[in-house]
Amino acid sequence: MKTLIINGLVIDPANGVHARLNLLLADGHVAAVGTENYAADETIDAAGKIVCPGFVDIHMHEDPVGADGRIVYNEQRSIFACMLRMGVTTAVGGNCGDNACDPGDYLDLVDRDGACVNVGMLAGHGYFREHSGAENRYAPATEEEIERMREGIARSLRRGCLGVSYGIRYYPGITVHELLRTAQPLRGTDKFVAAHIRSDAAEVFDSARELLDLGKSLGVGVQLSHIGSMAGFGQMESFLSLVDCYRMQGLDITCDCYPYDAFSTSIGSATYDDGWLERYHCGYGVLELSEGKYKGQRCTAETFAEMRRDFPECKTVCYVMQQQDVDLAYRHGGVMLGSDGILSDGQGHPRAAGAFPRFLAEYVRKGRVPMDSAIAMMTSLPARRLHLENKGRLNVGSDGDVVIFDAARVRDRSTFAQPLLAPEGIEYVFLGGRLAARNGVILSSRLGRAVRR
């Protein structure tokens, strides 16, 4: 099957291309790019639209695995389906130290059954910590437990995981020694360490240094996760200066950020341990419950205590971030877009279904970020971080992952009350040269394959 896309404005930051060109997709790849009308089985007229590489989401949280041993799929509620509808063709799960199952096994499942998008995985330290016998998140692990973690992480990297992730915030008992030992399998590779660092707001600087010093010690690249929800409380300018200092010392460091001013995590997480009200200078009312009997309601002291005790997995949305800090992050050359999308039975933050079109609508169309820079932040920058040579670009021979969108019409529709609503203006999404979604409707849900290195 050969598909010719004609008359579109091709924007490919990886190759420095911004031109009206025709694009031929064949045999899973970009077969030709130019001004000719190449022979094809199907032709799509993209006049007035933008043609760009499929978006790469470097930070999301994968769908769970069911009792039947398959990745749970529901066309409306699965996060991979949400990814595809907003133009993501490659999604990286296993972030913040979490894995739905052994990450190497997860990649095998994707290859066996397919998925809505191409899927890469990080080896989640938290997953291996919980399977090492270190049951107390607040206590240091023993040497034997740390060695079991290290072995599991090393095995996952050999099976193709793209790096190692940490949710240091969620495991307060992690020591620097544990970090160094469990990240040691990265030494001598071009894979990287990503982390939800130990703390945020005024405590973000020491927390960032802990991870950055880890990268320096091991000589590996560092990805600072969702920096809007870490330094988005008035610290962003100084935080980015700290990042730049380490970069000037030779550390390979990048960051991701999602385009919202509210974060999401479970009510039982360490984020809401004693002291959170003082850290954010707020009251309980900043916290909205996304699940359970109080769904859609703001917390009181009483409902917070009740839900934290009885339903600690309940997803919350916390409205405490400063929009100007998020805006500042996107003006920095080392920051890329990452959705941090996570869903629990279809409930959660609207970023899971809206982050990429929202960025185009709120930042590009309103003139806050140039189009070519924005597309780079969604394609070539994350692909480069991941060392995926055939993703995030449209030169001949690259993978046929393509998005066609209407720059004047694209927008997110998902809200905190209805987080699964599909966006508008993402007109065509191709995976491996085959049409996977059109105008928010999924046409093929099994074209995605595991992405390994």
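Look above for the structure.
Model, not experiment: these values are computed from the prediction.

Parameters at a glance
- Residues numbered from 1 in each chain as written.
- Predicted model: local features only at pLDDT ≥ 70, side-chain atom pairs only at ≥ 80, totals over all residues.
- Heavy atoms only, no water.
- Core = buried A, V, L, I, M, F, W, Y, C linked by side-chain atoms within 4.5 Å.
- Buried < 20%, exposed > 50% of the residue type's maximum accessible area, 1.4 Å probe, protein only.
- Contact = heavy atoms within 4.5 Å.
- Phe/Tyr/Trp six-rings, centres within 6.5 Å; stacked < 30°, edge-to-face > 60°.
- Helix = DSSP H or I, 4+ residues; strand = E, 2+ residues; numbered from the N terminus.
- Lys NZ or Arg CZ within 6 Å of the ring centre and 35° of its normal.
- Expected span 1.5 Å × (residues − 1).

Student: Would you mind going over the nonpolar core with me for this structure?
Tutor: The nonpolar side chains of a soluble globular protein tend to be buried with one another. If you look at the biggest cluster of nonpolar residues, it comprises 138 residues, and the most contacted ones within it are Phe55, Phe80, Leu224, Ile227, Phe239, Tyr330 and Phe405. Apart from the residues within four sequence positions on either side, Phe55 is in contact with Met86, Gly87, Val88, Thr89, Thr90, Phe356, Leu360, Met378, Thr379, Val403, Phe405 and Ile426. Ranked by size, the runner-up nonpolar core spans 14 residues in total, among them Ile5, Leu25, Leu394 and Ile404.

Student: How should the packing of aromatic side chains be read in this particular structure?
Tutor: Each pair of aromatic rings is reported with the distance of its centres and the angle of its planes. Taken as a whole and assessed by the stated rule, the structure comprises 17 aromatic pairs. Look at Phe55 and Phe405: their rings are 6.4 Å apart centre to centre, the planes differ by 55°, and that puts the pair in the tilted class. Here the residue Phe55 occupies a position in strand 6 (residues 55–57), and Phe405 occupies one in strand 20 (residues 402–405), the gap between them amounting to 350 residues. When its relative accessible area of 0% is taken as the criterion, Phe55 is described as buried. Residue classification places Phe405 among the buried positions, given a relative accessible area of 0%. Here a set of aromatic residues connected by ring pairs shows up, and it is made of Phe233, Phe263, Tyr272, Trp276, Tyr280, Tyr284 and Phe304. When the ring centre of Tyr363 is taken as origin, the NZ or CZ atom of Arg368, which lies over that ring, is 4.1 Å away. Above the face of the Tyr73 ring, Arg446 is positioned so that its terminal group lies 5.1 Å from the ring centre.

Student: I tried to follow helix 6 (residues 204–218) on my own but got confused; where do I start?
Tutor: Every α-helix winds through 3.6 residues per turn, so residues three or four apart in the chain are directed the same way. The terminal C-alpha atoms of helix 6 lie 22 Å apart, and with 15 residues this matches the ideal 21 Å at 1.5 Å per residue to within 8%. Residues of helix 6 that are buried: Val204, Ser207, Ala208, Glu210, Leu211, Leu212, Leu214, Gly215 and Leu218. Those residues of helix 6 that are buried lie in contact with helix 5 (176–183), strand 11 (192–196), strand 12 (221–224), helix 7 (228–231), helix 8 (236–248) and strand 13 (253–257). Where helix 6 ends, the next residue or the one after it, Gly219, has phi of about 70°, a positive value.

Fair warning: the whole summary comes from geometry, so function is off the table for now.
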